[in-house]
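Structural overview for review
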Amino acid sequence: MDGEREGGVPMQSPGRRGATQEEETKGGGRAIGRIRPVLRCRAMAQPRACPEQDCLREVTLSTQRLRVLPPAVLSNPALESLDLDRNKLRSIAGISKLCNLKKLILSKNEIVDFPKEIQRLVWLEKLELNQNQIRVIPEGIFSHLPRLKHLRLNNNRLGALPRDLAACRGSLQYLNISNNLFRTFPQPVLQLENLQELHVQNNALRQLPKELFQGQSLKMFRANGNPLREPPSEVCAGGIQQILNYFNQLQHGSGQEDKRVKTMFLGASLAGKSTICKSLKQRQTKLVPKEERTVGIEISEFRIDDFTFLFWDFAGQLEYYMTHHVFITPQALVILVINLHRYQSNDDTFKDLVGFWINNLSMRVPNSVVLPVGTHVDCCQEGEVEEKRSDIMSKIAAMLVERKNNLAHFINNLEDSEEPEFYVDQWERLKEMESHMLTILDLVAVNCTNHRDIKRLEATILEHVRNEELFPEVVRVLPPVYRQVEAAIVDIAQGEEVAEHGMMDLQYLLSKLSLREHLASLDRELLQDILRYLHRIGLIVWYEEIKHLESTVFLQPTFLITMFRLLVRYRLVQQLESISVDTLIAEHATIRDRSNWVWTFKSKAMLCHRAVRALVKYQLCSEGMQDVFEEIMGYKPHRGRGKLFSLLEHFELCLEVRHAKALNPQACEFVPGKPWETTRGQGESWYLFPTYLNQTEEVAEVWGGDHPEDLHIRAYFSPEIPEGFFQRFLVKACSFYSTHWVAKVTCLLICNGKPLLIKENNQRAYSYLELRSRKPAGTTGFQFTWDFLMAVVFIVQKLSEEWPGLHVCVKTPCRTAGCPAELVWPDMDGKNAVTKEEVKTCGTCGHRFGTELLLPKVPTHPEAPPAQPAVHYYVTSYGTTTFGPSSIHVNRQNISSE
């Protein structure tokens, strides 16, 4: 290790040693010691100059902790570009001296009052003031900026824009006012004739003006995160053309209010979800026997007064939870059903019956409204119901307080750091999460066999959905044709001509709808708009983004759930073992083959294509749906894709294990810039299902053990790693790196002969993914290794975006053995961390390390690597593995770490 330190001599931290030890944090990992730079240049960074000229045209002073503008900058009137990003500026006095300035970046500072001097920068073309604290922009600024093309004002406290912004009508092309406080659309924007890109996300807008979309200039528009009624957010998600079509349809008839509530029933198995759901729908008590409990998800629609409820009843078994992420959506009422008879006032029972669901909702849909419903009260003793109700509500409240305190703790850590300007993006993300918390309503205890209790629950639900503060998007304004197409589709789906599965070709559906008199003029484009809307509200399913499914509409979403549960289900091994002999014969398989399928699945969580076909055929036949087998599985027994695998791979529930051949004479010619279709091998395909992986020592054996010299980082998750996250990560990562080994909580990826190990640790208050790679030698080695690590980090971060309430923080442990300190990564700028230091000093142990050992950075003068024996890896890939009916043969190759 001494070879990594500067001179091999421990150095004292320049800061206070006592301030480096922090208490163990909940959800953030062990005690965090700040790793500080030894030296930090406080002087102005060297401006970048054009070599042909004497005067500086461009100056970058990002992350210099400036509070005033340096005189040296203000004395250069020839300056055209000035970057003051991530400083501590509250004003920019003297900026008007830079009369030739064209680009001014003031983002991520501490500006409260909009700088009036900017009006004198008449040549300004690009202005960025995002992520400040600006509340008001005075009149008379933009009328002096006739050349302004690019304006960023997002993440401030603005509620209005000045009227004179219209003076930029001929020049302004980009405007970002997202994450502000706009309640009505700012009218000056409508006069910006050449505006091409507009961002208004995460405000409080209820309505958008149709005039905004009637010009020809606007090319990109984003409005998600607003409680929109006209047009609804589901329409806006379809893009500018769909919004324009929406307004055009409104001109043909007055808009109709649609009051629709998606209601999701969640809870542990046998909690009574299906009984409550069906009792509410039939408006009378309806007991559901145990043998008829929900398998996967069941969907039903009905009306109460003037509200339409779309009930989604989710199965409670953990195996089915893997598919829930596809359907759990925001802007829904969540009814959390709790069996009060089973509930006991202890932490374990609370976690299983309540805490697990609250935790996952907090991560997945953090701004949801949750109504806890206690069932089986008729099985409880007198006084027991109120005692358990009080215990549940107090424990839920404690969970929310703990979450809020944890977020506040993370925010304070960033604010109290010596260099808070390096963490502005993370701070903004945490503040946004802090403002989106679950709303938990009072628990309603019901006896499912009592009609009065069901009526009381119905009245409670209606009372809450009428509350616009709780459900601001429950009312949508729709053109009449939207309702007409919806009613016609429901009628077609319930007709005798349509099979039980409800799958229909898009063009055939259009022809059926066009036969109806009031829809005779319906064209394909308008139908696609309406299908997108109906898909987003959950009435039908249409995955136009999946190549093999773009022409198929699922009129019965429940059949889609049936497809999922064919392979993602409870007790799948028993289903494999029960495949009938007749089914085996039809798939040209034997009982011996079935035994091998079971063994391979148990040991490797893999199934060959024949095994999947046999399993799916057997289950479909048992449910009387054998007529859709070929369409689901494909018409080619060995290599046909079918719809099932397209769905499973799209939602990262399985991964096709590809067979690599040395050369493929049938491969298509690769032409840069043109689509390239890979040619599938002739061997039988295999599929990996990470959900069913077991612990195995194979990954550890191939990796060869951790070394102190490894590059080593951790991605911490708070409150925890979501259920199924690591399995989906495996599918995503292994699809990029075909040479890999996987296990339940570990994964080894190989790229260009270099290994990267990923390990999951998911303990309470200590949840992280650990990434390790061997220490490289030389500049090229560091560049490749950090690129490899960062590619995997970006996969983690991209996947985590599907859980808006999930906080992910990347840290690097100190390289001194036994030191508990960890360096919190600064914000990322592209592939690189926002940092300038060549050397970092640990504030806990005082040792100094090259920055390239801790952060994504290529060393300027790489040190000589310490002497160590070569480490050899025996690398095998599923791509070079052949699986026969009764044996497994592995081709191995020897790859050195060097």
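Note that the coordinates shown come from a computational prediction; the quantities given were computed from them, not determined experimentally. All residue numbers here refer to positions counted from 1 along the written sequence of the relevant chain. Two thresholds apply to this predicted model, a pLDDT of at least 70 for residue-level local features and 80 or more for giving and counting side-chain atom pairs, whereas whole-chain, interface and lining totals are computed over all residues. Computation of side-chain values: all heavy atoms of the structure, hydrogens and water removed.

1. Thoughts on the pattern of salt bridges
- We define a salt bridge as a side-chain nitrogen of Lys or Arg found within 4 Å of a carboxyl oxygen belonging to Asp or Glu. Within the structure shown, the criterion is met by 47 salt bridges.
- With its nearest N and O atoms 3.7 Å apart, the salt bridge here joins Asp258 to Arg483. A residue pair is termed long-range when its members are at least 10 positions apart, and Asp258 in strand S10 (residues 256–266) and Arg483 in helix H10 (residues 480–494) qualify at 225 residues.
- In this structure Asp258 comes out as buried when scored by relative accessible area, which is 2%.
- Between Asp306 and Arg466 there is a salt bridge whose closest N-O contact spans 3.5 Å. In this pair, Asp306 sits in the loop between strand S11 (297–304) and strand S12 (307–314) while Arg466 sits in the loop between helix H9 (451–465) and strand S17 (475–478), placing the two residues 160 residues apart along the sequence.
- Of the residues examined, Asp306 reaches a relative accessible area of 30% and is grouped as partly exposed.
- A relative accessible area of 43% means that Arg466 is categorised as partly exposed. The helix count covers DSSP runs of H or I at least four residues long, the strand count covers runs of E at least two residues long, and both are numbered beginning at the N terminus. Here the term buried applies to any residue with accessible area under 20% of the maximum for its type, exposed to any over 50%, and partly exposed to those in between, with areas from a 1.4 Å probe on protein chains only.

2. Regarding the packing of aromatic side chains
- Stacked, tilted and edge-to-face pairs are distinguished by plane angle, under 30 degrees for stacked and over 60 for edge-to-face with tilted covering the rest, among Phe, Tyr and Trp rings (Trp via its six-membered ring) whose centres lie within 6.5 Å. According to the stated counting rule, one finds 24 aromatic pairs in the structure shown.
- Geometrically, the ring pair formed by Phe213 and Phe221 is edge-to-face, given 5.1 Å between the ring centres and 85 degrees between the ring planes. The pair formed by Phe213 and Phe221 is uniform in burial state, with each residue classed as buried.
- Seen in terms of ring centroids, Tyr543 and Phe651 are 5.2 Å apart; in terms of plane orientation they differ by 70 degrees. Their pairing is edge-to-face. With Tyr543 in the loop between helix H12 (524–537) and strand S19 (552–554) and Phe651 in the loop between helix H19 (642–650) and strand S21 (655–657), this residue pair connects regions lying 108 residues apart in the sequence. Like Tyr543, the residue Phe651 is buried in the burial classification.
- Among the aromatic residues, ring-to-ring pairing joins Phe213, Phe221, Tyr246, Phe247, Tyr482 and Tyr533 into one connected group.
- Whether a charge sits over a ring depends on NZ of Lys or CZ of Arg being within 6 Å of the ring centre and within 35 degrees of the ring normal. We note Arg774 situated over the ring of Trp703; from NZ or CZ to the ring centre the distance is 3.7 Å.
- Geometry around Tyr716 places Lys811 over its ring, the cationic atom sitting 4.8 Å from the centre.

3. Thoughts on helix H21 (residues 725–736)
- Here the expected length of a helix is defined as 1.5 Å per residue gap, with one fewer gap than residues. With 12 residues, H21 should reach 16 Å at 1.5 Å per residue; the first-to-last C-alpha distance of 17 Å fits that figure.
- Every buried residue belonging to H21 is among Phe725, Phe726, Gln727, Arg728, Phe729, Leu730, Val731, Ala733 and Cys734, and all of these are buried.

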